[in-house]
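Fold and contact review
The residues making up each chain are set out below.
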Amino acid sequence: GDTAVSSYGPPMTTGDRPLPNNSEAEVAVLGAMLLDPEHAIDKAVTRLNFGQAFYSPAHQAIFETIVAISNEKPHGQIDPVTVGDALHSRNKLEEVGGTSYIMRLMNSVPTAANVEDYIDIVHQNAVLRRLIRTSADIMNKCYAPEQEVRSLLDEVESEVLEVTNLSSGADGVAIGI
């Protein structure tokens, strides 16, 4: 189905409640990736490499940039300077807070040892946000069905299955893009 519409902005059902997110955990994941790229990057990519894994668009952009560099260069070459340079060449450095923000990310995390805990928190919040959007999408389709109930049920089943796959950490599940 067409998920693009439901991917932007909070769904109608949440009212004024903010969507689940944990900014500190997002910062900690990115900080750990910069602090200990050899260990943290692969762990983060395994669980978080999907659209809108990070609530903050700036954090998502930084994550995607680190992942892109890590696909081209040895992880040891990833640091605030190379990441800042890559963001600059993508015209995204200023919108994510500049070089100073990249440095602050790295300095914000005392150790990369707990990176898996930080990843879990970010991942769980992403799954919850996705489930909220999917639920709102399903609800809207039920109020204004454009198809037979049987095919609507099939569509709902596949949408929920997408979230289930995401939650089990299945690789290569592209969502919300």
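Each value, and the rule that gives it
- Residues numbered from 1 in each chain as written.
- Predicted model: local features only at pLDDT ≥ 70, side-chain atom pairs only at ≥ 80, totals over all residues.
- Heavy atoms only, no water.
- Helix = DSSP H or I, 4+ residues; strand = E, 2+ residues; numbered from the N terminus.
- Contact = heavy atoms within 4.5 Å.
- Areas by Shrake-Rupley, 256 points an atom, 1.4 Å probe, with all protein chains shown as cover.
- Axes fitted to C-alpha atoms, helices over the stretch in contact; angles between N-to-C directions.
- Parallel < 35°, antiparallel > 145°, perpendicular 65-115°, else oblique.
- Left-handed = near helix turned anticlockwise from the far one by under 90°.
- Nonpolar A, V, L, I, M, F, W, Y, C, P; charged D, E, K, R; others polar.
- Core = buried A, V, L, I, M, F, W, Y, C linked by side-chain atoms within 4.5 Å.
- Buried < 20%, exposed > 50% of the residue type's maximum accessible area, 1.4 Å probe, protein only.
- pLDDT = per-residue confidence, 0-100.
- Salt bridge = Lys/Arg side-chain N within 4 Å of Asp/Glu carboxyl O.

Focus on the overall build of the protein
Regarding its fold elements, the protein presents 7 helices and 0 strands. Each helix and strand of the protein, placed in order from N terminus to C terminus, yields the pattern α-α-α-α-α-α-α. Look at the contacts in the protein between residues 6 or more apart in sequence, and 70% of them connect residues 24 or more apart. Accessible surface, the protein as shown: approximately 9,700 Å² in total, 53% of it carbon and sulfur.

Observations regarding the packing of helix 1 (residues 23-35) against helix 6 (residues 115-143)
Two elements in contact, helix 1 and helix 6, have axes separated by 8 Å at closest approach and are oriented at 135°. Considered as vectors, helix 1 and helix 6 are oriented oblique to each other. Crossing geometry of helix 1 relative to helix 6 is assigned as left-handed. Counting all contacts with helix 1, which are made through A25, E26, A28, V29 and A32, the residues of helix 6 involved are V115, Y118, I119, I121 and V122. A class-by-class count of the residues in the contact of helix 1 with helix 6 yields 9 nonpolar, no polar and 1 charged.

Description of the nonpolar core
V29, M33, I62, I66 and V83 are the most contacted members of the largest nonpolar core, which totals 42 residues. The element that contributes the greatest number of residues to this core is helix 1, accounting for 8 residues. Among residues more than four places away in sequence, those in contact with V83 are L34, I62, T65, I66, I69, I78 and I102.

Quick look at the confidence of the model for the protein
Summing up the model confidence of the protein, the mean pLDDT is 88 and the portion of residues at 70 or higher is 86%. Every residue in residues 1-13 scores below 50 in pLDDT, and together they form 15 contacts with partners more than four places removed in sequence or on other chains.

Regarding the pattern of salt bridges
It is possible for side chains of opposite charge to pair when their charged atoms get near one another. All told, the structure shown has 7 salt bridges when counted by the stated rule. Between D154 and R150 there is a salt bridge, with its nearest N and O atoms 3.2 Å apart. Here the residue D154 and the residue R150 both occupy positions in helix 7 (residues 149-167), the gap between them amounting to 4 residues, near one helical turn. Here D154 falls in the partly exposed class, since its relative accessible area comes to 39%. With relative accessibility at 54%, the residue R150 sits in the exposed group. One salt-bridge network, in which partners are shared between bridges, spans D137, K141, E155 and E159.

Observations concerning the packing of helix 1 against helix 5 (residues 98-108)
Two elements in contact, helix 1 and helix 5, have axes separated by 7 Å at closest approach and are oriented at 90°. Classified by the angle between their axes, helix 1 and helix 5 sit roughly perpendicular to one another. Counted together, V27, L30, G31, L34 and L35 of helix 1 and Y101, I102, L105, M106 and S108 of helix 5 form the full contact between these two elements. Within the contact of helix 1 with helix 5, the residues separate by chemical class into 8 nonpolar, 2 polar and no charged.

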